[in-house]
Amino acid sequence: MAVTAKMWANSADSHWLEPEDLWRSTLPPALAERMPRSVKDPDGQYETVFIDGLEIRRKLPNPKRTAFMEASNRPKGAHDVAQRLLDNDEEGIWAELVFPSLGMWNSSFRDPALLRAAMKVSNEYAMAEIQGKSPRLQCTAQVSLLDVDDGVAEMRRAAAMGFKAVFMTTKPHPQQRDYNYNDVWEPFWAAAEELGLVLAFHIGTDPFDFTNDEIGIQFRGPGGAILNYTETTYSGQRVATKLVACGALDRHPDLKVLIAEGGSSWIPSLGDRMNEAYRQHAMMVKPTLSRPPKEILYGQVYTSFQHDETATGTMIQFGYDKICWGSDYPHMEGTWGHTQKTLHELFDDVPDAVRRRITRDAYAELFPSVPAPPLSD
Ligand code: MN
């Protein structure tokens, strides 16, 4: 392909930003006031985060260092679907799996009834205002991960509405047992498989540590920025390991999982480690699996990356092909403003079959109803 030609790609990792009045305009006031919101002190030094009756005071970073987070630095399409589609045309992004943003707080609610109401409102908004606006946009439904019965009921409603994927946090709520406890989660996995819903885990969505005065900051001192960013990656690897080890994916071979934004090249090495554990510690392994762990990872766990140089080589060298690309639009870790440059750097020098698989076909395997991208210009 000519270096200057537009290369189209599907994105398995994009986001919508919830409108500020989403909760106030839809929920009864008694519920709306408990939804996540932040109020900054007039001097800009501290903010108070309110969420489901919790009040967290946290110091704000120096505004000079966080100017990139201001709304004026975001692409306009973050809040406007028509503009989003124009941005995507410009960038060469065809279909998108669109995750929420405030949904990052989902694992921090304590009241099942509040969470149930919030998920319903979010799903109705996402379907009407985003997915319903273009066949190129697929939204992740949001369901309760605090109460499994609630989660299954909302999954059924969401599937009937037309959702094809469910947004999953990398750990459930702290009050709930972890995903490897089959006695709790089995009905959830069974329902997702039956309904054909992709379980879309986004990295960095472990519940927040409210004992920490700066939410999301785990490491301080030298290297902190890289440590904190890299740390979010492990949450995706952990949840994939759990779902294979506990047998959930083995018992539900049609269940597909996506680990979004966390890269792809870790799958082969993690598979090797899990096979070693399964083989060398066989006398302690429960439950036994019908297939080696690596085969289950390769078969049912899809991944997405934005810039990783190792992703294409992972497919070529190690045969793992459940690899999707993702723009992470409109987040700063993403490729907005340089998508074409990135796609050409990644794919110009690899075989066409590898480019097609990663930029189009792996995504189409997850979401067969999405129209195919145009052939590249
Ligand atoms: Mn993302």
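Residues numbered from 1 in each chain as written. Predicted model: local features only at pLDDT ≥ 70, side-chain atom pairs only at ≥ 80, totals over all residues. Heavy atoms only, no water.

Regarding the packing of aromatic side chains
(1) Moving on: All told, the structure shown has 11 aromatic pairs when counted by the stated rule.
(2) Moving on: Seen in terms of ring centroids, Trp 8 and Trp 94 are 5.6 Å apart; in terms of plane orientation they differ by 90°. Their pairing is edge-to-face. Separated by 86 residues along the polypeptide, Trp 8 in the segment before strand E1 (9-15) and Trp 94 in strand E5 (residues 93-99) bring together distant segments of the chain.
(3) Moving on: The exposure class assigned to Trp 8 is buried, which follows from its relative accessible area of 8%.
(4) Moving on: Owing to a relative accessible area of 14%, Trp 94 belongs among the buried residues under this scheme. (Phe/Tyr/Trp six-rings, centres within 6.5 Å; stacked < 30°, edge-to-face > 60°. Helix = DSSP H or I, 4+ residues; strand = E, 2+ residues; numbered from the N terminus. Buried < 20%, exposed > 50% of the residue type's maximum accessible area, 1.4 Å probe, protein only.)

Comments concerning the environment of Ala 372
(1) Moving on: As for its position among the elements, Ala 372 is in the segment after helix H12 (352-366).
(2) Moving on: Classification of Ala 372 by relative accessible area gives exposed; the value is 58%.
(3) Moving on: Once the C-alpha coordinates of Ala 372 and His 202 are considered, the two residues, 170 residues apart in sequence, prove to be 24 Å apart.

Section: the sheet that holds strand E4 (residues 54-59)
To summarise the sheet geometry, strands pair through backbone hydrogen bonds and adopt either a parallel or an antiparallel arrangement.
(1) Moving on: Spatial ordering of the open sheet is given by E2-E3-E4, a layout of 3 strands whose pairing is antiparallel. What marks the edges here is a single partner per strand, and that holds for strand E2 (37-40) and E4. For this sheet the average axis-to-axis angle between neighbouring strands, irrespective of direction, equals 25°.
(2) Moving on: The sheet contact formed by strand E3 (residues 46-51) and E4 spans 6 bridges and is antiparallel. Within E4, the residue paired with Glu 47 across the bridge is Arg 58. (Pairing = 2+ DSSP bridges. Axes fitted to C-alpha atoms, helices over the stretch in contact; angles between N-to-C directions.)

A short note on the nonpolar core
For soluble globular proteins, nonpolar side chains are generally found buried alongside one another.
(1) Moving on: Counting residues in each nonpolar core, the largest one holds 52 residues, and the members touching the most others are Phe 188, Trp 189 and Leu 199.
(2) Moving on: Broken down by element, the residue count for this core peaks at 6 residues, all from helix H5 (residues 182-195).
(3) Moving on: With near-sequence residues (within four places) excluded, Phe 188 lies in contact with Val 143, Ser 144, Leu 145, Val 148, Gly 151, Val 152, Met 155, Met 168 and Leu 199.
(4) Moving on: Core analysis: the next-biggest nonpolar cluster, separate from the first, contains 19 residues, Ala 95, Phe 99, Cys 324 and Phe 367 among them. (Core = buried A, V, L, I, M, F, W, Y, C linked by side-chain atoms within 4.5 Å. Contact = heavy atoms within 4.5 Å.)

Observations regarding the side chain of Asp 150
(1) Moving on: Looking at the secondary structure, you find Asp 150 in helix H4 (residues 148-161).
(2) Moving on: If near-sequence neighbours (up to four positions away) are discounted, Asp 150 is found in contact with Pro 112, Arg 116 and Ser 144.

Observations regarding the coordination of the manganese ion
(1) Moving on: Donor atoms from the polypeptide that bind the manganese ion are Asp 13 (OD), His 15 (NE2), His 202 (NE2), Glu 261 (OE) and Asp 328 (OD), placed at 2.1 to 2.2 Å.
(2) Moving on: Read from N- to C-terminus, the donor residues coordinating the manganese ion fall into the pattern D-x1-H-x186-H-x58-E-x66-D. Of this pair, Asp 13 sits in strand E1 while Glu 261 sits in the loop between strand E9 (257-260) and helix H8 (266-280), and the two are 248 residues apart along the sequence. The burial state of Asp 13 is the same as that of Glu 261; both residues are buried. (Donors = N, O, S within 2.8 Å, 3.2 Å for Na, K, Ca; no water.)

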